[in-house]
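Survey of secondary and tertiary structure
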Amino acid sequence: MKKDIRGGLPGWYNHYTAVGGDWSRMLISASLSARNKAAEGQTMDKVLAARAQGRTPAPDSLDLLFDFLLEEDGSVGTIYAHHTEEDMNLALRQPWCSIGSDGSAMAIAGPLRRGNPHPRSFGTFPRILGVYVRDRHVLRLEDAVRKMTSLNAAKLGLRDRGLLRPGQFADVAVFDPDKVVDRATYLDPFQYNEGIAYVVVNGRVVLDQGQHTGARPGRTLRRGQ
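As a further point, take the packing of aromatic side chains. In total, this model carries three aromatic pairs according to the counting rule given. Arranged with centres 5.6 Å apart and planes meeting at 70°, the rings of F122 and F190 form a pair that is edge-to-face. Of this pair, F122 sits in helix 6 (residues 120–135) while F190 is found in the loop between strand 3 (172–175) and strand 4 (196–201), placing the two residues 68 residues apart along the sequence. For the pair F122 and F190, one class covers both residues: buried. What links up through ring pairs into an aromatic cluster is the set F122, F190 and Y192. Above the face of the Y132 ring, R136 is positioned so that its terminal group lies 5.3 Å from the ring centre. The ring of F169 has R161 sitting right over it, with the charged end atom 3.9 Å from the ring centre.

The following block contains the structure:
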């Protein structure tokens, strides 16, 4: 296992080699068991250092990782710092590159607050609009909106969505381009964005002046719908 982790396996993506074997570029995002609760939101270099403390000779870092995995039933959700800002800017500028998020549906309080998630769960699209459009001018506003809406719908084969025109489903977000911004960070992800006043899903108002109305009109979408 150590050989495969450090050297990689043909055809397998390797997070460890992707970050250059740098434990500081791996941030724990999962909810952990009671015995490891203190490690939530920590980078792996700090977790491994704490586990190695007082042990002579210093144990192999992968042995420490294996022990950690065993204690957590074989899985620890982690955020990996794979890409540079230059990579991101290059990708965003490509006309065929759409913008999405594989973040989870989470909240800053209650049962949907768990672990130390990637900040994309709270701020993906406001970050595009605030940072990459308004502040850095990487994208024009209309190009960013297209990449987040109609381009995604077209790629997924979703009909009647992604555009504002008669006959389309009424999925609408109303935001202030001068104020919209993300607040979530890697170390403090549980922060809602700012600057989005209204959200309409399937014709029903879900966010009204920044407040959730309690409406839940969303539904699963499948290709061809």
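Let us now look at the layout of surface pockets. When its volume is computed, the largest pocket comes out at roughly 2,300 Å³. At the level of elements, helix 6, helix 7 (141–148), helix 8 (150–156), strand 3, strand 4, strand 5 (204–208) and strand 6 (211–212) are the ones that each hand at least two residues to the lining of the largest pocket. Put simply, the second largest pocket is a space of about 1,100 Å³. Along the walls of the second largest pocket sit 35 residues, with H83, M88, H118, R120 and Y186 positioned nearest its centre. Within the residue set of the lining of the second largest pocket, elements represented by two or more residues are strand 1 (26–28), strand 2 (78–80), helix 5 (85–93) and helix 6. Among the elements that line the lining of the second largest pocket, the one with the most residues is helix 6, at six residues. For the lining of the second largest pocket, the per-class residue count stands at 15 nonpolar, 13 polar and seven charged.

Moving on to the environment of E71. Looking at the secondary structure, you find E71 in helix 4 (residues 61–71). Residues E71 and V145, 74 residues apart in the sequence, show an inter-C-alpha distance of 44 Å. Discounting chain neighbours no more than four positions away, the residues touching E71 are S33, R35, N36 and R51.

A few words now on the pairing of strand 4. Successive side chains on a regular strand alternate, one facing one side of the sheet and the next facing the other. With four bridges joining them, strand 3 and strand 4 adopt antiparallel strand pairing. By the bridge assignment, F175 is partnered in strand 4 with I196. The sheet contact formed by strand 4 and strand 5 spans four bridges and is antiparallel. Following the sheet pairing, Y198 is matched in strand 5 by D208. The antiparallel pairing of strand 4 with strand 5 creates a hairpin that spans two residues between the two strands, and N202 there sits at a positive phi of about 50°.

A word on the sheet that holds strand 5. Strand order across the open sheet formed by four strands is 3-4-5-6, with antiparallel pairing between neighbours. Both outer strands of the open sheet, strand 3 and strand 6, are each paired with one neighbouring strand and no more. Alignment of strand 5 against strand 6, held across two bridges, turns out to be antiparallel. By the bridge assignment for strand 6, D208 is matched with Q211.

Moving on, we come to unusual backbone geometry. Note that the residue after T56, namely P57, is joined by a cis bond; omega there is -5°. Along the chain, the position of P57 falls in the loop between helix 3 (44–52) and helix 4. Phi at D73 is positive, roughly 60°, even though this residue is not glycine. Considering the arrangement of structural elements, one finds D73 in the loop between helix 4 and strand 2. Residue classification places D73 among the exposed residues on the basis of a relative accessible area of 76%. At D160, a residue that is not glycine, the phi angle is positive and equals roughly 65°. In this fold, D160 is placed in the loop between helix 8 and strand 3.

Parameters and conventions
- Residue numbers restart at each chain and count upward from 1, following the sequence in its written direction.
- The predicted origin of the model limits local features to residues at a pLDDT of at least 70 and limits the giving and counting of side-chain atom pairs to 80 or more, whereas totals for whole chains, interfaces and linings rest on all residues.
- No hydrogens and no water enter the side-chain calculation; it runs on all heavy atoms of the structure.
- Pairs were defined over the aromatic rings of Phe, Tyr and Trp, the Trp ring being its six-membered one, requiring ring centres within 6.5 Å. Orientation was assigned from the angle between planes: stacked under 30 degrees, edge-to-face over 60, tilted for the rest.
- Per the convention used, a helix needs a DSSP run of H or I reaching at least four residues, while a strand needs a run of E reaching at least two, with both numbered from the N terminus.
- Buried, partly exposed and exposed residues are distinguished by accessible area as a fraction of the type maximum, computed with a 1.4 Å probe on protein chains only: under 20%, between the cut-offs, and over 50%, respectively.
- Any Lys NZ or Arg CZ that is within 6 Å of a ring centre and within 35 degrees of that ring's normal is treated as a charge sitting over the ring.
- Within this scheme a cavity is a closed region of a 1 Å grid, computed over the protein atoms alone, that accommodates a 1.4 Å probe without allowing it to escape, whereas a pocket is open but has protein on both sides within 12 Å along at least five of seven lines; lining residues each have an atom within 4 Å of a point.
- Grid points are joined across faces, edges and corners, and a volume is the space filled by probe spheres set on the points.
- We call Asp, Glu, Lys and Arg charged. Ala, Val, Leu, Ile, Met, Phe, Trp, Tyr, Cys and Pro are nonpolar, and the rest, Gly among them, are polar.
- We call two residues in contact when some of their heavy atoms are within 4.5 Å.
- Any two strands between which DSSP finds at least two bridges are classified as paired.

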